[in-house]
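Chain residues, written in single-letter form:
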Number of protein chains: 2
Amino acid sequence: MKTKTRSEAATLPLNQILAGDCIEVMNALPEESIDLIFADPPYNLQLRGDLHRPDNSKVDAVDDAWDQFDSFRIYDDFTRDWLKAARRVLKPNGAIWVIGSYHNVFRLGAELQNQGYWILNDVVWRKSNPMPNFRGKRLTNAHETLIWASKNEAAKYTFNYEALKALNEGIQMRSDWVLPICNGGERLKDENGEKAHPTQKPEALLHRLLVGTTNPGDVVLDPFFGTGTTGAVAKMLGREFIGIEREEKYRVVAEKRIASVRKYDREALAVSASKRAEPRVPFGQLVERGLLRPGEELVSMNGRSKAKVRADGTLIAKDVKGSIHQVGAHLEGAPSCNGWTYWTFRRDGKQVPIDVLRQQIRAEMQ
Amino acid sequence: MKTKTRSEAATLPLNQILAGDCIEVMNALPEESIDLIFADPPYNLQLRGDLHRPDNSKVDAVDDAWDQFDSFRIYDDFTRDWLKAARRVLKPNGAIWVIGSYHNVFRLGAELQNQGYWILNDVVWRKSNPMPNFRGKRLTNAHETLIWASKNEAAKYTFNYEALKALNEGIQMRSDWVLPICNGGERLKDENGEKAHPTQKPEALLHRLLVGTTNPGDVVLDPFFGTGTTGAVAKMLGREFIGIEREEKYRVVAEKRIASVRKYDREALAVSASKRAEPRVPFGQLVERGLLRPGEELVSMNGRSKAKVRADGTLIAKDVKGSIHQVGAHLEGAPSCNGWTYWTFRRDGKQVPIDVLRQQIRAEMQ
DNA sequence: TAGCTGCTTGAATCTTCGA
DNA sequence: ATCGAAGATTCAAGCAGCT
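The residue numbering used here restarts from 1 in each chain and proceeds along that chain's sequence as written. Written order determines the labels here, with chains lettered from A and ligands numbered from 1. Reporting in this predicted model follows two pLDDT cut-offs: at least 70 for local features of residues, and 80 or more for side-chain atom pairs to be given and counted; totals over whole chains, interfaces and linings ignore these cut-offs and use all residues. Heavy atoms from the whole structure form the basis of all side-chain values; hydrogens and water molecules are not counted.

You'll find chain A entered in an unreviewed UniProt entry as Methyltransferase, with Celeribacter indicus given as the organism. Taken directly from UniProt, the Sequence similarities (unreviewed entry) text for chain A runs: "Belongs to the N(4)/N(6)-methyltransferase family." UniProt positions are given in the numbering used here, feature names are shortened, and annotations may be inferred rather than shown by experiment. In its Catalytic activity (unreviewed entry) section, the UniProt record describing chain A reads: "a 2'-deoxyadenosine in DNA + S-adenosyl-L-methionine = an N(6)-methyl-2'-deoxyadenosine in DNA + S-adenosyl-L-homocysteine + H(+)".

## Some words on the protein's contact with DNA strand D
All names here are of chain B. Around DNA strand D, 30 residues are found, and the nearest of them are Y161, K165, Q172, H325 and R358. The cutoff for a nearby residue is simple: one of its non-hydrogen atoms must lie within 4 Å of the molecule or strand. Restricting attention to atoms of DNA strand D within 4 Å of the protein, one finds that 64% of them are sugar or phosphate atoms. Here Y161 contributes a side-chain N or O atom positioned 2.6 Å from a phosphate oxygen of DNA strand D. Interatomic distance of 2.7 Å between a side-chain N/O atom of K165 and a phosphate oxygen of DNA strand D. Each helix is a run of DSSP H or I of at least 4 residues and each strand a run of E of at least 2, with the numbering of both proceeding from the N terminus. Where the surface near DNA strand D is concerned, the elements lending two or more residues are α5 (161-167) and α11 (324-332). Here a polar contact means two N or O atoms within 3.5 Å. Within protein one must be a hydrogen donor candidate and the other an acceptor candidate, and residues neighboring in sequence count only if both atoms are side-chain atoms.

## Some details on the sheet that holds strand β9 (residues 297-300) of chain B
Residues and elements named next belong to chain B. An order of β12-β11-β10-β9-β13-β14 is seen for the six strands of this open sheet, with the pairing classed as antiparallel. Edge positions in the sheet fall to β12 (321-322) and β14 (350-353), since each has one partner strand and no second. Paired strands are those between which DSSP finds at least two bridges. One ladder, built from two bridges, connects strand β10 (residues 306-309) with strand β11 (residues 315-316); its direction is antiparallel. Across the sheet, the residue bridging to V309 is L315, located in β11.

## Describing the protein's contact with DNA strand C
Residue and element names in this part refer to chain A. With respect to spatial proximity, 39 residues lie near DNA strand C, and among them R53, Y102, R135, K137 and R187 are the closest. Considering DNA strand C, the proportion of its atoms within 4 Å of the protein that are sugar or phosphate atoms stands at 44%. A distance of 3.4 Å separates a base nitrogen of DNA strand C from a polar backbone atom of G49. Between DNA strand C and R187, the relevant distance is 2.7 Å, taken from a phosphate oxygen to a side-chain nitrogen or oxygen of the residue.

## Overview of the pattern of salt bridges
The salt bridge definition used is simple: a Lys or Arg side-chain nitrogen within 4 Å of an Asp or Glu carboxyl oxygen. Applying the stated criterion across every chain yields a total of 32 salt bridges over all chains. The residue A:E32 makes a salt bridge to A:K151 at a minimum N-O spacing of 3.9 Å. Within this pair, whereas A:E32 is found in the loop between α2 (22-27) and β2 (34-39), its partner A:K151 is found in the loop between β5 (143-150) and α5 (161-167), the two being separated by 119 residues in sequence. Overall, A:E32 belongs to the partly exposed group, its relative accessible area being 38%. The partner of A:D40 in a salt bridge is A:K201, and the shortest N-O contact between them spans 3.0 Å. With A:D40 in the loop between β2 and α3 (72-89) and A:K201 in the loop between β6 (176-179) and α6 (203-213), this residue pair connects regions lying 161 residues apart in the sequence. Here A:D40 and A:K201 have matching classes, each one buried. Salt bridges sharing partners connect three or more residues here, namely A:R126, A:R174, A:D176, B:R126, B:R174 and B:D176. The classification of residues rests on relative accessible area computed with a 1.4 Å probe and restricted to protein chains. Under 20% of the type maximum is buried, over 50% is exposed, and intermediate values are partly exposed.

## Details of the sheet that holds strand β12 (residues 321-322) of chain A
Residues and elements named next belong to chain A. As summarised here, the arrangement of the six strands in space is β12-β11-β10-β9-β13-β14, forming an open sheet in which the pairing is antiparallel. The outermost strands of the open sheet, each flanked by one partner alone, are β12 and β14 (350-353). The pairing of strand β13 (residues 343-347) with β14 spans four bridges and is antiparallel. Bridge assignment links R347 to a residue of β14, and that residue is K350.

## A word on the domain arrangement of chain A
Domain delimitation in this document rests on an assignment produced automatically or drawn from a domain database. Looking at chain A, the domain boundaries give domain 1 (16-48 + 57-269) and domain 2 (283-365). Using C-alpha coordinates to define each centre, domain 1 of chain A is positioned 44 Å away from domain 2 of chain A.

Structure, rendered in structure tokens:
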């Protein structure tokens, strides 16, 4: 429901980047004036020493002062204060998005709930090209979490169901979004050719989020504006924005960036169109899902070789262990081998190619 | 490292389902006795019906703010208590997995951090066949979140990196896991043909998690056992389990289920080992055994550097002496260098990595 | 032009052993 | 506990430069 009046619009500093601490600046804005907030607060990463890639190059870490907090207590105080200020400026039917990683997102989500925000969805941004875990000590940190919440349980939040369905090729939009990280030409550089901001978010993410949860003309506030992805996408999509940013160097970059953006840029729309490739199905999934059991015997298509399945999705044959491809290649004395078509399993007295099981999983994924 | 003693094993009720409240039962177990905890705590506590404030006055159900606030407080108290009891029984190098949705996972994650657990990853279980959002008012809730945390920051948690990489067909396992929900034949039914438990987890999820973060023989505790997916998969994979479940009807179903499970054979349970687990072989042994001769020349993998082997197993290059690692790092101007993969020697006219010789010695050690 | 190789880079709580 | 040394460890993209 649009309730914006002329006088209210006049007092709002629309399409500007405001300098200063976001809490103070938000408290100076009129209450109940904002339709949507997008907030990408500091993550409070707690990094110890340097990290090198296996090729010995050094990882350019987020070591900025603005990401340093001395304790959870201090981070929680900070979170409480800015979320409270944010809630004051939200319209009664307003909503908020916050983004974070496991370092901070649980603090964010709990505090949202404590303040009476009503969580609508948590959304997973699955990165198609995340940075690997170079030391092999944990899982690849391949996602970040967004929380979408309305001001309270009763709020009539904006949700453009059909628009998102259209973006998703006619299928209901899910809570996991596969999008690449921001790099290439979209990644803003400073005068030295270094990245202008360590954590610039991709425009595709904001595009989907603004298309789905705002209407044209809505006022979108970003209290941690950085280099202004929110403002740039809002402008493209015909939404009004208000940015707040403490650091001058980021404001300068953002101003320039947004000035060069044109509304309804068709290229920006193209960014969000995701192409669908045939999903890769690791052989291990057949084992995890119980389609093949550890210890089960596979026989080669030509009937000459046998191997046993192991719990981690590798095979073991007479004198070799490895993937279905490696073991097949070794047994045939070939440089390579497509294990999917080489190996068969026994089902109802017949030998069936394991590729049948892969097809089955792919069908489920549709 | 297994440190289980006979007396400890004797006092642990292995491979049993214990009846009762999980906090009381955990407090009756010996401390520091559990390798891994998997917990799927309830979150629909149905508090709205009979909610009391801490001072025992009944909450006015009309007052939404009070209702929410007290709900969270009670849930947080519950979470704090069971996580504390869980932490007591964990071995110093133990770890925990918890699973939840946006309703409760932020409370879980924040409390884990508050108690000193150290989050290793948050993992998204991306459901390949979720229930659609029928009313079209929100995104399809297509995932649940798991948190993997060690007992504390210093803990040497178990992580079978190579096994998970193998499960994912040679690519590092990511933090987003695509797996189907539990249905079909795997879904347990009660005598009326109704599902026996509302939130039965798929065995594939537990398979991946147990293969990745436990070793055969480890003790896995599930304080919210339900119909025993954890126990069933633990048994298959040769892990010990302890289940705790309050409701008799679930215990009955779980007992029957686990009794019908068979453990995979030993060979199938072996997983791809990490190189770190292999015995250490000093470079000097290659010289002592005559696999390399003092004075023999080594050439770097990239062909740009040379060094000579000395009798004590150090190398000497143009302006540097030291270990294979030190000399390699110095010549490359790198912070570190794995000399085993950096240096090659000449054999039959070809350059061969010295790591081949290490493998040879390791093979002899078997 | 299209295709290939090689280099660079990304919100990262990223080692372990023995003296 | 602290310190030094051994040694284990990466995936997907974009882009430049070349054929």
